[in-house]
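Observations on the model geometry
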Amino acid sequence: MKYIPFIFALAFAPSAYSLTEAETVRLLAAIKQVESGGDCAAVGDWECGQPTAIGCYQIHLEYWADAVEYDQTIGGCYNDCFNEAYAERVVRAYMKRYAPKNATMKDMARIHNGGPRGHKKWATCVYWAKVAKVLK
């Protein structure tokens, strides 16, 4: 049992995804548009009367915790995801953690939507189509 975190860390070693900063900025803007129309006060994906996704990137608690664990310099609390600059740091950290080397915009958008292996899930293809439409 004590070796599982080490194995997990190896499976999800930091990536060196190949998007330029300009491409990353465009992608983040498109994701933000699809997720919330750019509304930093947005709440969504309701469960039992409570929102499970918040802010302009519609970040879930588990997503936030994962990103903050990866990049502890982010700090803060989950509700800070209502702040656009903070939320962007969370999304960037999540992408750095899970995007495979040579990840494309498509891969990264699908990971944002579907989790660490989202780029391999058929269900995230519809999400990518929405992001791709905004990118055009």
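Conventions adopted
Residues numbered from 1 in each chain as written. Predicted model: local features only at pLDDT ≥ 70, side-chain atom pairs only at ≥ 80, totals over all residues. Heavy atoms only, no water. Helix = DSSP H or I, 4+ residues; strand = E, 2+ residues; numbered from the N terminus. Buried < 20%, exposed > 50% of the residue type's maximum accessible area, 1.4 Å probe, protein only. Areas by Shrake-Rupley, 256 points an atom, 1.4 Å probe, with all protein chains shown as cover. Expected span 1.5 Å × (residues − 1). Contact = heavy atoms within 4.5 Å. Core = buried A, V, L, I, M, F, W, Y, C linked by side-chain atoms within 4.5 Å. Salt bridge = Lys/Arg side-chain N within 4 Å of Asp/Glu carboxyl O. pLDDT = per-residue confidence, 0-100.

1. Comments concerning the overall build of the protein chain
Helix and strand counts for the protein chain come out as six helices and two strands. For the protein chain, the succession of helices and strands along the chain, N to C, is α-α-β-β-α-α-α-α. Counting across all 136 residues of the protein chain, residues that qualify as buried make up 42%. Looking at the protein chain as shown, the accessible area adds up to about 7800 Å², and 58% of this sits on carbon and sulfur atoms.

2. Focus on helix α2 (residues 21-36)
Compared with an ideal rise of 1.5 Å per residue, which puts 16 residues at 22 Å, α2 spans 22 Å between its outermost C-alpha atoms and is within 8% of the ideal. The set of residues buried in α2 consists of Thr24, Leu27, Leu28, Ala30, Ile31, Lys32 and Ser36. Looking at the buried side of α2, the elements it contacts are α4 (84-98), α5 (105-114) and α6 (125-135). Gly37 occupies a position one or two residues after α2 and carries a positive phi of about 65°.

3. Description of the nonpolar core
Buried together is how nonpolar side chains tend to be arranged in soluble globular proteins. Leu27, Tyr57, Ile59, Trp64, Cys81, Val90 and Val131 are the most contacted members of the largest nonpolar core, which has 35 residues in total. Within the residue set of this core, elements represented by two or more residues are α2, α3 (61-70), α4, α5 and α6. Setting aside its immediate chain neighbours within four residues, Val90 contacts Ile59, Tyr63, Trp64, Ala67, Ile74 and Cys81.

4. Thoughts on the pattern of salt bridges
A pair can form between side chains of opposite charge whenever their charged atoms are brought close. Inspection of the entire model under this criterion finds five salt bridges. The salt bridge involving Glu21 is made with Arg92; its shortest N-O contact spans 2.7 Å. Of this pair, Glu21 sits in helix α2 while Arg92 sits in helix α4, and the two are 71 residues apart along the sequence. Owing to a relative accessible area of 48%, Glu21 belongs among the partly exposed residues under this scheme.

5. Remarks on the environment of Ala109
Considering the arrangement of structural elements, one finds Ala109 in helix α5. As for Ala109 and Lys130, which are separated by 21 residues in sequence, their C-alpha atoms are 9.9 Å apart. Look past the residues within four positions of Ala109 in its chain and what remains in contact with it is Leu27, Ile31, Tyr127, Trp128 and Val131.

6. Brief notes about the environment of Lys101
Tracing the sequence through the fold places Lys101 in the loop between α4 and α5. By relative accessible area, which is 62% here, Lys101 ends up exposed. In this structure, the C-alpha to C-alpha distance between Lys101 and Leu19, residues 82 residues apart in sequence, is 9.8 Å.

7. Quick word on the confidence of the model for the protein chain
In the predicted model, the protein chain carries a mean pLDDT of 88, and the fraction of residues at 70 or more is 85%. Confidence, read as mean pLDDT per element, is least for helix α1 (residues 4-11) in the protein chain (37) and greatest for α6 (98). Throughout residues 1-15 the model reports pLDDT below 50, and contacts reaching past four residues in sequence, or to other chains, amount to 14 contacts.

8. Examining the environment of Glu84
Along the polypeptide, Glu84 turns up in helix α4. For the pair Glu84 and Gly38, spaced 46 residues apart in sequence, the C-alpha to C-alpha distance is 9.0 Å. Contacts of Glu84, omitting those with residues within four sequence positions, involve Lys32, Cys40, Cys56 and Tyr57.

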